[in-house]
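# Geometric and topological summary
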There are 4 protein chains.
Amino acid sequence: MSSEIGHKLKISVFGQSHGKAIGVVVDGLPAGFRLDEEALYGFMCRRKPGTSRLTTQRKEDDRPVFLSGLVDGVTAGSPLCAVIENGDTRSGDYAGLLDLPRPSHADYTAKMRYGKAVDMRGSGHFSGRLTAPLCIAGGVAKQLLESKSIYVGAHLLSIERERDDPFPLYPTKELFDTVAQKPLPVLSDEAGARMTAAIEAARTEADSVGGVIECAAVGLPAGLGSPMFDGVENRLAAALFGVPAVKGVEFGAGFAAATMRGSEHNDPYIPGENGLLKTSKNDAGGIIGGITTGMPLVLKCAMKPTPSIGKPQQSVHLSTMEPEELMIKGRHDPCVAVRAVPVIEAVTAFTLLDILLEEQGYGND
Amino acid sequence: MSSEIGHKLKISVFGQSHGKAIGVVVDGLPAGFRLDEEALYGFMCRRKPGTSRLTTQRKEDDRPVFLSGLVDGVTAGSPLCAVIENGDTRSGDYAGLLDLPRPSHADYTAKMRYGKAVDMRGSGHFSGRLTAPLCIAGGVAKQLLESKSIYVGAHLLSIERERDDPFPLYPTKELFDTVAQKPLPVLSDEAGARMTAAIEAARTEADSVGGVIECAAVGLPAGLGSPMFDGVENRLAAALFGVPAVKGVEFGAGFAAATMRGSEHNDPYIPGENGLLKTSKNDAGGIIGGITTGMPLVLKCAMKPTPSIGKPQQSVHLSTMEPEELMIKGRHDPCVAVRAVPVIEAVTAFTLLDILLEEQGYGND
Amino acid sequence: MSSEIGHKLKISVFGQSHGKAIGVVVDGLPAGFRLDEEALYGFMCRRKPGTSRLTTQRKEDDRPVFLSGLVDGVTAGSPLCAVIENGDTRSGDYAGLLDLPRPSHADYTAKMRYGKAVDMRGSGHFSGRLTAPLCIAGGVAKQLLESKSIYVGAHLLSIERERDDPFPLYPTKELFDTVAQKPLPVLSDEAGARMTAAIEAARTEADSVGGVIECAAVGLPAGLGSPMFDGVENRLAAALFGVPAVKGVEFGAGFAAATMRGSEHNDPYIPGENGLLKTSKNDAGGIIGGITTGMPLVLKCAMKPTPSIGKPQQSVHLSTMEPEELMIKGRHDPCVAVRAVPVIEAVTAFTLLDILLEEQGYGND
Amino acid sequence: MSSEIGHKLKISVFGQSHGKAIGVVVDGLPAGFRLDEEALYGFMCRRKPGTSRLTTQRKEDDRPVFLSGLVDGVTAGSPLCAVIENGDTRSGDYAGLLDLPRPSHADYTAKMRYGKAVDMRGSGHFSGRLTAPLCIAGGVAKQLLESKSIYVGAHLLSIERERDDPFPLYPTKELFDTVAQKPLPVLSDEAGARMTAAIEAARTEADSVGGVIECAAVGLPAGLGSPMFDGVENRLAAALFGVPAVKGVEFGAGFAAATMRGSEHNDPYIPGENGLLKTSKNDAGGIIGGITTGMPLVLKCAMKPTPSIGKPQQSVHLSTMEPEELMIKGRHDPCVAVRAVPVIEAVTAFTLLDILLEEQGYGND
């Protein structure tokens, strides 16, 4: 597919819309870690649909069931498998689409890749629903990172053209927690109100909007990662592009760095604690030469607008090869970026844990 | 390090500034392909320094020598190894920097990663010089792709705030060739003149500038790649972030997609040839759900400004932990983006060939 | 752990004795293949315990439940996940063993590897029970191979010092089926009777016995695999040593080849059909230089005797570090080799399918 | 091909008989280790041909040249590349064989795998000469292991039917050194004399002989490795089958374990030092459940007789498909097992170092 990633911490996601369950296997977790299942469920709920008018109205109960890997709530060193049963699905909504590929949806590319065997209803295994297992893996990773005082958080930096404030130079766990508890995960509530209005406007017009998610990790030691192909940026990008709708990934100043001079972009060093250095600003986003600097890691993901919109669109009927207008029915998020915020956190967390575990060797408690 | 990448076509880069040679091993090339060594050298020359005032004045003769993998100029199925001898290096230029890490350079992170054993002179294996072996691998891949009528080309989309035209909806081999032969690889010569002025202005002020590179691949079949973690975007991003100075990667509309509505961003389908579809525009950049659509693949890389600048900068002496002003001597590209254009092509090419070889199975001629 | 293997067909096994379920994720199956679930269950039953006096008396219902990857019984291209619920377990049998490692069991090495967090009861994730998920993956692989007229079969070549006949030069599907239906999978029923007696004698004496399993695959094309580290032998061995109790793997004449002269060992070529060659004997076991010859692939696995025996054994109490005599209670196979026959087939089958899929590229139906 | 192996320590071998050089890239070595190049060359010489009448009479100067990875003789953290130039080759010896595949040689399988492009002369990249780069990688690994008081040694356990003594329960560095300095690496000189006679007898009769190599590693900590597919046995076997002529690999008692009862095979625990356990014998070969016990690791490799013999053999002409008698000219080892002893040590050493580095995390000096 391939639904697997990771060097030392290996994630294997499974499921499609119409199977019995979706889930994830996480192999390589250190033995002896007590998992807080309620906290994990709380994290899962952040991507849960149906919690506000800003997201799709489907009901899903995303509470994961652990089939293996835990003994009395403690990781056993064996692979952790968690599943979520598939409940409410309305495949009838997709019935008319069988030979009429939806623009900017994976219907056509899936058919070209997997042949006529592929069922286009419900988007099969391209579904955004597979981000739930990513959140299980990432939620577990977040807890392990927190036990090492490493915190990962994210917010909506922009929706359409409405912008939130960026993270401060040193984001804190408290800031991450505050943002996570809001209905719309933003720093500035005033910006949040404008974003909400933009999403509502799109919904009213049967349209959708894109957005940018900013994610940060604080508490990472300096010296994590490796140059060239095994850098922190390489590995995060390889994982983040696995989240549906991500079309761009940048670190630190990112594309803005391309408009700068070196004298403006370079981060001056200043003395830190314990013989370590800090930088007085962080345009590097916490990574130089593929390796962490010890400053907060900062990345941004561009999320395209939901391709499923309620407006008529132009397509081609695959059996006749004639142009045909398409109307998508059913329930859709007007802005996938909203629910993607915890997903980006999750993918960032399990990738960073993978890198950290490599540095630490076996490192069981 | 890790200097290896690829699933079926495996690239292993080696070398550091002060060794005897740098080079690359490419394993997994199909047997029976006749390599055009002159064309490869022509490609290598595009990243060669010292060819214009816009790049560093060091002399390097980047003609690769093939140690293995070719029999009478034809790939033998065995791993191809090519090396370039290290010639002119002036390590004295770096002598004073041993304990004074250069801002936004990998000096400090390398020391944190590899310990005190790491030699900071000349940046060791973080050197941009290692992009030469990437170009060998990519130049070979480009020829193999061309034999299948797949063409990869790139240009400078912007330098600082000066912008070239973007690629047209359907770039051609001829366009790629025309751009590649210019001293500054741009579409619009008028834009090129403005970019040249921006680079010269930075040089004059002992400063540097960043830029954006746009790269496209035409002729790819629809249906290449896989969803989730093994998508075309995931794999290209994982490789492209291995090019020094890349701080952002986006596909199609990329970050601009985040400002759009779905009705604006979605690419309408229109009938193509042989039962295939086209889209009337290409905001997807030729990839949906991790899989190629058959439209041109289009990506952009943000290149940060060269961190080595001639202005005084703030650093911290690692033995005293006292702030200290740093002056970098020596020769440096005022804009790494210029020479990075063929490197981005190279990395794109060998990654696409890797993906293509997976689709085709053994596929020897 | 690591419970993952495969290049293109990726197997990820999960479960431990005391979790809710064990299972496997199989990623990379071609889309569009109709799975015969009853035939799979029939295959699973061959490793099921409790079917004869020769194996352990625990009851397990190994019928797999498919959580994902199938739509109406046909592979969908998405990862297949199948689970088996854990039922009857008597962990009390292991209660006294917590600090007294059983000789030649993984109790001590697991504690050294994973730390004190590891639960020694029931051997955690080292359990032979995890061979059930291997059989799911292998059973599915066998069906896919059969659809390409490739057949995999195995039998008990020896138990203790009692030997069955080896496979003939060209084993057939019919032979494999006949052997598979016997209570003891052997070619010669007379040899089977002697083996049964040997196993019964061991059981009566509260002891166990080892054995050798011979496995063959017929119908493989010539030219599969690659030299050096990616050869058919390398990959089969890497997977087969994942089956508990395997202590040796050999191909063709194997260790006997070491006693031969070249003139005796070399396999003379004779003309085959369709421009292909055969060999008049098969001491190479169907593999030369890591690549299939087109002759039957033949391998043998040495299975050590079950370490859990009913006799008193010498151990050391880990808290006092004093020697202490150990008595293992509970139910144990006197000969794990018997139930391992389908497991060796399964592991051979999914490894060969992985290699075959690499040769064929995407190759969807 | 694939000529790459390793998780953290990555080996990439290149070269074929008729290229300019053969060599290896080793990525992932810890920075700061001083390499003893003379000791490495001494190790290389152990596999060098032409040193006695027992091996082929070709002249090769196997002194490796380091192109990268060392700064002043110390590992720099960057990939180490070492090459050996190809000197004396007499390809004319193979001239008549172009369409007449040699029995049990890779001529036919290579043609089936790589197509008609493959040059059959000199066996291309299947050549035993590629074991020289394996020895470079392994020789470096041996030195790193020695710096951690881990020693790897091997000897000829048997040639044809002549047997050396097995290693004692606790082999020592001194024993390894003594054996390594002998013309024929054996424990018992009397056995060595019989083996020499067996080899000479085969040579006189234009024939060849096989043999078994026993390899041991002492000083490994308990708890290295992982169960299932990432065990020490899995990884060693996957690498060892990359050595040409290996047709079987077993650990500890290996195939002999299959003839034993559990009461005979199980290794009783006895108290060791520092809270660790020992076993009073070592039929497990130092590995249980894929994880090291802390006892010496012991493995054996079955080496088939050299397929190139001077006797007439039966083959088939590939253009006419008619049977034809084949006479191989040229110089050949009558017993590849002799020169393979250091190769088996080398492959064992770099695989164990890879596993050890994973346990230790970054672990730079």
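We now turn to the structure provided with this report. These figures come from a predicted structure and were not determined experimentally.

### Observations concerning the overall build of chain A
Secondary structure summary: chain A contains 8 helices and 18 strands in total. Classification of the 365 residues of chain A by burial places 67% in the buried group. As presented, chain A carries roughly 11,300 Å² of accessible surface, and 51% of it is formed by carbon and sulfur atoms.

### Overview of the pairing of strand β2 (residues 10-14) of chain D
Residues and elements named next belong to chain D. Taking burial as the measure, the 5 residues of β2 include 5 buried ones, the bulk of the element. Burial along β2 is two-sided: K10, S12 and F14 and I11 and V13, pointing in opposite directions, are all buried. Connecting strand β1 (residues 4-5) to the antiparallel partner β2 that follows it, the hairpin turn spans 4 residues, and G6 within it adopts a positive phi of roughly 115°. The loop that links β2 with its antiparallel partner strand β3 (residues 21-27) comprises 6 residues; one of these, G15, has a positive phi angle of about 125°.

### Considering the relation of the copies chain B and chain D
For the pair chain B and chain D, the superposition axis carries a translation of 0.0 Å, the fit reaches an RMSD of 0.0 Å, and the rotation angle comes to 180°. Here the copies are linked by what is in effect a two-fold axis. Using C-alpha coordinates, one finds that chain B approaches the rotation axis most closely at B:S12, a distance of 3.7 Å.

### Regarding the pairing of strand β7 (residues 80-85) of chain D
Consecutive residues of a regular strand have side chains that alternate between opposite faces of the sheet. All names here are of chain D. Of all 6 residues in β7, 5 are buried, a share of seventy percent or more. Looking at chain direction, β3 and β7 are connected through 6 bridges and run antiparallel. Among the inter-strand pairings, A21 is bridged to a residue of β7, identified as E85. Of the pairings in the sheet, the one linking strand β4 (residues 65-68) to β7 comprises 3 bridges and is antiparallel in character. The residue bridging S68 from the neighbouring strand is C81, located in β7.

### Remarks on the relation of the copies chain D and chain C
Between the two copies of the chain lies a relationship made up of a rotation around an axis and a movement along it. For the match of chain D to chain C, the screw axis carries a shift of 0.0 Å, the RMSD comes to 0.0 Å, and the turn is 180°. Most of the interface of chain D is mirrored in chain C, where 100% of its interface residues again form contacts.

### With respect to the state of the cysteines
Counting across every chain of the model gives 0 disulfides over all chains. Take C:C45: it sits in no disulfide, and the sulfur closest to it among the cysteines is that of C:C135, at 11 Å.

### Observations concerning the sheet that holds strand β16 (residues 297-303) of chain C
In space, the 10 strands of this open sheet follow the order β9(C)-β8(C)-β10(C)-β16(C)-β11(C)-β11(D)-β16(D)-β10(D)-β8(D)-β9(D), with antiparallel pairing throughout. Where the open sheet ends on each side, the last strands, each with one partner, are β9 (162-163) of chain C together with β9 (162-163) of chain D. The pairing of strand β8 (residues 151-159) of chain C with β9(C) spans 2 bridges and is classified as antiparallel. Directly across from C:I159, in β9(C), lies its bridge partner C:E162.

### Considerations on the interface of chain B and chain D
Counting residues at the interface gives 42 residues for chain B and 42 residues for chain D. Each partner contributes to the roughly 3,300 Å² buried at the junction of chain B and chain D, and carbon and sulfur atoms together form 54% of this total. Interface area lost by chain B to chain D is led by B:E4, B:Q16 and B:L67, which between them contribute 16%. Remark: the boundary between chain B and chain D carries 0 salt bridges. There are 14 residue pairs in polar contact (both at pLDDT 80 or more) connecting chain B and chain D. Among the residues forming the side of chain B that touches chain D, the class breakdown is 19 nonpolar, 15 polar and 8 charged.

### Notes on the packing of helix α6 (residues 232-240) of chain A against helix α8 (residues 336-360) of chain A
Residue and element names in this part refer to chain A. Where α6 contacts α8, the two axes come as close as 9 Å, and the packing angle between them is 140°. Regarding the angle of α6 to α8, the classification is oblique. In this structure, α6 crosses over α8, and the sense of that crossing is right-handed. Residues V232, R235, L236, A239 and L240 of α6 lie in contact with α8, whose contacting residues are I344, V347, T348, T351, L352, D354, I355 and E358.

### Structural notes on the packing of aromatic side chains
Scanning the model with the defined rule gives 18 aromatic pairs over all chains in all. Each ring, one from C:F229 and one from D:F350, has its centre 6.5 Å from the other, and the planes form 90°; the classification is edge-to-face. Here C:F229 is found in the loop between β10 (211-218) and α6 (232-240), whereas its partner D:F350 is found in helix α8 (residues 336-360) on a different chain. Pairing C:F241 with D:F251 gives two aromatic rings, centres 5.2 Å apart and planes at 85°, and the pair type is edge-to-face. Within this pair, whereas C:F241 is found in the loop between α6 and β11 (246-251), its partner D:F251 is found in strand β11 (residues 246-251), the two belonging to separate chains. Side by side, C:F241 and D:F251 carry an identical accessibility label, which is buried. Against the face of D:Y41 rests D:R63, its NZ or CZ located 3.9 Å from the ring centre.

### Some thoughts on the interface of chain D and chain C
Contact residues are listed per partner, giving 100 residues for chain D and 101 residues for chain C. Remark: the boundary between chain D and chain C carries 6 salt bridges. Close ionic contact of C:R261 with D:E160 constitutes a salt bridge, the shortest N to O distance being 3.2 Å. Scanning the region where chain D abuts chain C turns up 46 residue pairs in polar contact (both at pLDDT 80 or more). Taken together, the residues of the side of chain D that touches chain C sort by class into 54 nonpolar, 30 polar and 16 charged. Pairing of β11(C) with β11(D) involves 3 bridges; the strand directions are antiparallel. Across the sheet, residue C:V249 finds its bridge partner in β11(D), namely D:V249.

Conventions used here
- Residues numbered from 1 in each chain as written.
- Chains lettered and ligands numbered in written order.
- Predicted model: local features only at pLDDT ≥ 70, side-chain atom pairs only at ≥ 80, totals over all residues.
- Heavy atoms only, no water.
- Helix = DSSP H or I, 4+ residues; strand = E, 2+ residues; numbered from the N terminus.
- Buried < 20%, exposed > 50% of the residue type's maximum accessible area, 1.4 Å probe, protein only.
- Areas by Shrake-Rupley, 256 points an atom, 1.4 Å probe, with all protein chains shown as cover.
- Pairing = 2+ DSSP bridges.
- Least-squares fit on C-alpha atoms with pLDDT ≥ 70 in both.
- Contact = heavy atoms within 4.5 Å.
- Disulfide = S-S within 2.5 Å.
- Buried area = accessible area lost by both parts, 1.4 Å probe.
- Salt bridge = Lys/Arg side-chain N within 4 Å of Asp/Glu carboxyl O.
- Polar contact = N/O pair within 3.5 Å; in protein donor to acceptor, adjacent residues only side chain to side chain.
- Nonpolar A, V, L, I, M, F, W, Y, C, P; charged D, E, K, R; others polar.
- Axes fitted to C-alpha atoms, helices over the stretch in contact; angles between N-to-C directions.
- Parallel < 35°, antiparallel > 145°, perpendicular 65-115°, else oblique.
- Left-handed = near helix turned anticlockwise from the far one by under 90°.
- Phe/Tyr/Trp six-rings, centres within 6.5 Å; stacked < 30°, edge-to-face > 60°.
- Lys NZ or Arg CZ within 6 Å of the ring centre and 35° of its normal.

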